[in-house]
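Coordinates in review
Here is what each chain is made of, one letter per residue.
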Amino acid sequence: MATAAPHAAPHAAPTTAPHTRPLPANPGLAINGGTPVSAAAVPFMQTALAQADIDAAVAVLKSGMLRAWKKCEELETRMAQMSSARHAMTCANGTCALQLAYEPLFERGDDVLVPAWTYIATVSMVVARGGNPIFVDALPDTMQIDMADAARKITPRTRAIAATHLYGCPVDIDAVQALAAKHNLKVVYDAAQAHLATYKNKGIGAFGDAVTYSFYATKNLATGEGGMITCNDDALARQIKLLRSHGETDKYLHEQVGYNYRMNDITGAIGCSRLDRLEAETKKRQDAAARYDKILSSIPGFTTPKTTPGATSAYHLYIARIDPTKFLCTRDQFCDALKAEGVPTAVHYPRPLTRQPAFSQFVKDGGASCPIAEKLCHQVFALPMHHGLTDEHFKTVEAALRKVADAYRA
Ligand SMILES: Cc1ncc(COP(=O)(O)O)c(C=O)c1O
């Protein structure tokens, strides 16, 4: 089973992170030389290709037609249908997808409401477009963008909302659309982590002006690199297609300036092959999340991730939270001890975007207006999440959580 590292954290934890504390000596913990719960680590993710994926890529290689063609078109048709969208457009990666979606929807100098709590690309592409990001806090239960805070932060120059369906869980789409309708805002949903998530029994492609996806090597639908935009407006779809390929309307006729952000058919073929299994794999992720909910609810000191009412999460990540007041250790010390017991974890994310040096010119209050995001960065940790988790893996996770929690309880 192959595993791949998640995106590396670009910076150390915020300076306000609780300092590492000396911990009670507990020789039973594996981190102190005791016997680990499991000698073999639970795989954090599962990214191995199936033989069918390899065969699909080889068939394209043998055909000699490597450019974006039939396999990209097939991926577009199927993803449009599966996400309840009218149009789907493949592109080079999820970052390009955001850039392609933002460019036609707002102008340089516009204010754009963005989550303080998400991966950097949602916001860095707003900045690349020339927009001013206005950081919105997260909800404490779902960890998704807080639309009441967004409403408070509207300015006369606000033109758009960029909302991430973080960890695979759709945001409160009704609230986003209501605010957008009231203030005439464009809406882009970043679904890089949320393929096949639903809201009110529809695919997430049914909502907003555009929805973007990533097929990065660790995503639920992984092709190595790759991305997609879905939308329901014919004119916008045309604009995005033009931008994706140098504004070309006929051979060497360029109606506007654009980019080369195209996918290729090797990537398209891997995507189509993996798409055959995505529904079944998503169901397994949802089952795994239900098992983790049950385990964590029975151990005091943890909070389970809540799903937005009316939504189903694709559980790209299962993000638990530790209550630092209930333990003698920090989150990082807890995770180090879990790792020694055979349970790897990861932190998404070690700091809110309001504390990213890249955005310092847009943050005047040091992040004080996003207090929930400030808290989350010290509390969140991701447990292993993928379609290949076994009963044995869940037993290991549960035993390790109990062992470390008992050793470090305040
Ligand atoms: C929420 C979110 N948006 C955008 C991206 C960017 O996607 P890509 O890595 O395909 O450019 C990612 C990738 O990690 C992501 O998690």
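Residues numbered from 1 in each chain as written. Predicted model: local features only at pLDDT ≥ 70, side-chain atom pairs only at ≥ 80, totals over all residues.

Description of the overall build of the protein chain
This is how it is decided: Numbering goes from the N terminus for both helices and strands, where a helix is a DSSP run of H or I of at least four residues and a strand is a run of E of at least two. Here the globule rule reads 2.2 Å times residues to the power 0.38, and the radius of gyration is calculated from C-alpha atoms. With C-beta atoms placed from the backbone, a residue counts as buried when 20 or more other C-beta atoms lie within 10 Å of its own, as exposed when 12 or fewer do, and as partly exposed for counts between those limits.
Helix and strand counts for the protein chain stand at 11 helices and 15 strands. Computed over its C-alpha atoms, the radius of gyration of the protein chain comes to 22 Å, within 12% of the 22 Å expected for a compact globule of 410 residues. Viewed in the frame of its principal axes, the protein chain has a C-alpha envelope of about 70 × 55 × 35 Å. Among the 410 residues that make up the protein chain, the fraction classed as buried is 50%.

Observations concerning the sheet that holds strand β1 (residues 87-91)
What counts here: Two strands make a pair as long as DSSP finds a minimum of two bridges between them. Inter-axis angles, ranging from 0 to 180 degrees, are taken between N-to-C directions of lines fitted to C-alpha atoms, where helices are fitted over the stretch in contact. A pair of residues counts as a contact when their C-beta atoms, built from backbone coordinates, are within 7 Å of each other.
Reading across from one edge, β1-β9-β8-β5-β4-β2-β3 is the order of the 7 strands in this open sheet, with mixed pairing throughout. The strands lining the two open edges of the sheet, one partner per strand, are β1 and β3 (132-136). Taking each pair of neighbouring strands and ignoring which way they run, the sheet shows an average axis angle of 20°. Where β1 lies against strand β9 (residues 227-231), 5 bridges are found, and the strand directions are antiparallel. Bridge pairing links Ala88 to Thr230 in β9. Running at roughly 170° to strand β4 (residues 158-164), helix α6 (residues 173-183) makes contact with β4 and β5 (186-190) of the sheet.

Looking at the site of the ligand
For the record, the criterion: Nearness here is judged by the C-beta atom: place it from the backbone, and if it falls within 6 Å of a molecule or strand, the residue counts as near that partner. In this count, Pro and Cys sit with the nonpolar residues alongside Ala, Val, Leu, Ile, Met, Phe, Trp and Tyr, while Asp, Glu, Lys and Arg are called charged and the others, Gly among them, polar.
Around the ligand sit 15 residues, and of these Gly94, Thr95, Ala121, Ala192 and Ser214 come closest. Of all the secondary-structure elements, those providing two or more residues to the shell around the ligand are α3 (94-105) and α4 (121-129). Across the shell around the ligand, the residue classes tally to 4 nonpolar, 10 polar and 1 charged.

A short note on the domain arrangement of the protein chain
Operational definition: Per the annotation, domain bounds derive from an automatic or database assignment of domains.
For the protein chain, the assigned domains read domain 1 (30-46 + 278-408) and domain 2 (51-273). For the side of domain 1 that touches domain 2, the elements supplying multiple residues, two or more each, are α8 (265-297), β13 (311-312) and α10 (371-379). Within the side of domain 1 that touches domain 2, the residues separate by chemical class into 19 nonpolar, 9 polar and 2 charged.

Here we look at unusual backbone geometry
A cis amide bond links His348 to the next residue, Tyr349, at an omega of 20°. Tracing the sequence through the fold places Tyr349 in the loop between α9 (331-341) and α10. Positive phi is not limited to glycine here, since Met143 has a value of about 70°. With phi around 70°, Leu196 is a residue other than glycine that occupies positive phi space. Note that Leu196 resides in the loop between β5 and β6 (198-199).

Comments concerning the nonpolar core
Definition in use: Structurally, a nonpolar core is described as a collection of buried Ala, Val, Leu, Ile, Met, Phe, Trp, Tyr and Cys residues joined by way of C-beta atoms within 7 Å.
By size, the foremost hydrophobic cluster in this structure holds 128 residues, and its most contacted members are Cys91, Ala101, Ile161, Ile229, Tyr318 and Val404. Examining the composition of this core, we find that 9 residues originate from one element, α8, more than from any other. Here this core gathers at least three residues from each of two domains, domain 1 (30-46 + 278-408) and domain 2 (51-273). Here Ile161 is in contact with Leu113, Ala150, Val176, Leu179, Ala180, Leu185 and Val187, once residues within four sequence places are set aside.

Observations concerning the confidence of the model for the protein chain
Worth spelling out the cut-off: pLDDT is a residue-level measure of predictor confidence that goes from 0 to 100.
Taken over all residues, the pLDDT of the protein chain has a mean of 95, while the share at 70 or more is 95%. Note on residues 1-16: pLDDT under 50 across the span, and 24 contacts to partners over four residues away in sequence or across chains.

Brief notes about the environment of Leu278
Structurally, Leu278 is set in helix α8. Separated by 130 residues in the primary sequence, Leu278 and Tyr408 have C-alpha atoms spaced 39 Å apart. Ignoring anything within four residues of it in the chain, the contact list for Leu278 reads His195, Leu196, Asn220 and Leu221.

As for the pairing of β9
Regular strands have side chains that alternate between both faces of the sheet. The element β9 is largely enclosed, with a buried count of 5 among its 5 residues. Of the two faces of β9, the one carrying Gly227, Ile229 and Cys231 and the one carrying Met228 and Thr230 are both buried.

Looking at α4
Restricting attention to buried positions, one finds in α4 the residues Ala121, Thr122, Val123, Met125 and Val126. Close packing links the buried residues of α4 with α3, β2 (111-115), β3, β4 and β5. Immediately beyond the C-terminal end of α4, within one or two residues, lies Gly130, with a positive phi of roughly 100°.

What to know about the packing of helix α1 (residues 51-63) against α8
Inclusion rule: To sort the angles, those under 35 degrees are grouped as roughly parallel, those over 145 as roughly antiparallel, those from 65 to 115 as roughly perpendicular, and the leftovers as oblique. Left-handed describes a crossing whose near helix is turned anticlockwise from the far helix by less than a right angle; the clockwise case is right-handed.
Put simply, α1 and α8 touch, their axes get as near as 8 Å, and they point 150° apart. As judged from the angle between their axes, α1 and α8 are roughly antiparallel. Taken as a pair, α1 and α8 cross one another with a handedness that is right-handed. Contacts between α1 and α8 pair Ala52, Asp53, Ala56, Ala57, Ala59, Val60 and Leu61 from the former with Asp265, Ile266, Ala269, Ile270, Cys272, Ser273 and Arg274 from the latter. Of the residues contributing to the contact of α1 with α8, the split by class is 10 nonpolar, 1 polar and 3 charged.

Observations regarding the sheet that holds β6
Read from one edge to the other, the open sheet built from 3 strands follows the order β7-β6-β13, with strand pairing classed as antiparallel. Two strands lie at the open edges of the sheet, namely β7 (202-203) and β13, each paired on one side alone. Of the pairings in the sheet, the one linking β6 to β7 comprises 2 bridges and is antiparallel in character. By the bridge assignment for β7, Thr198 is matched with Gly203.

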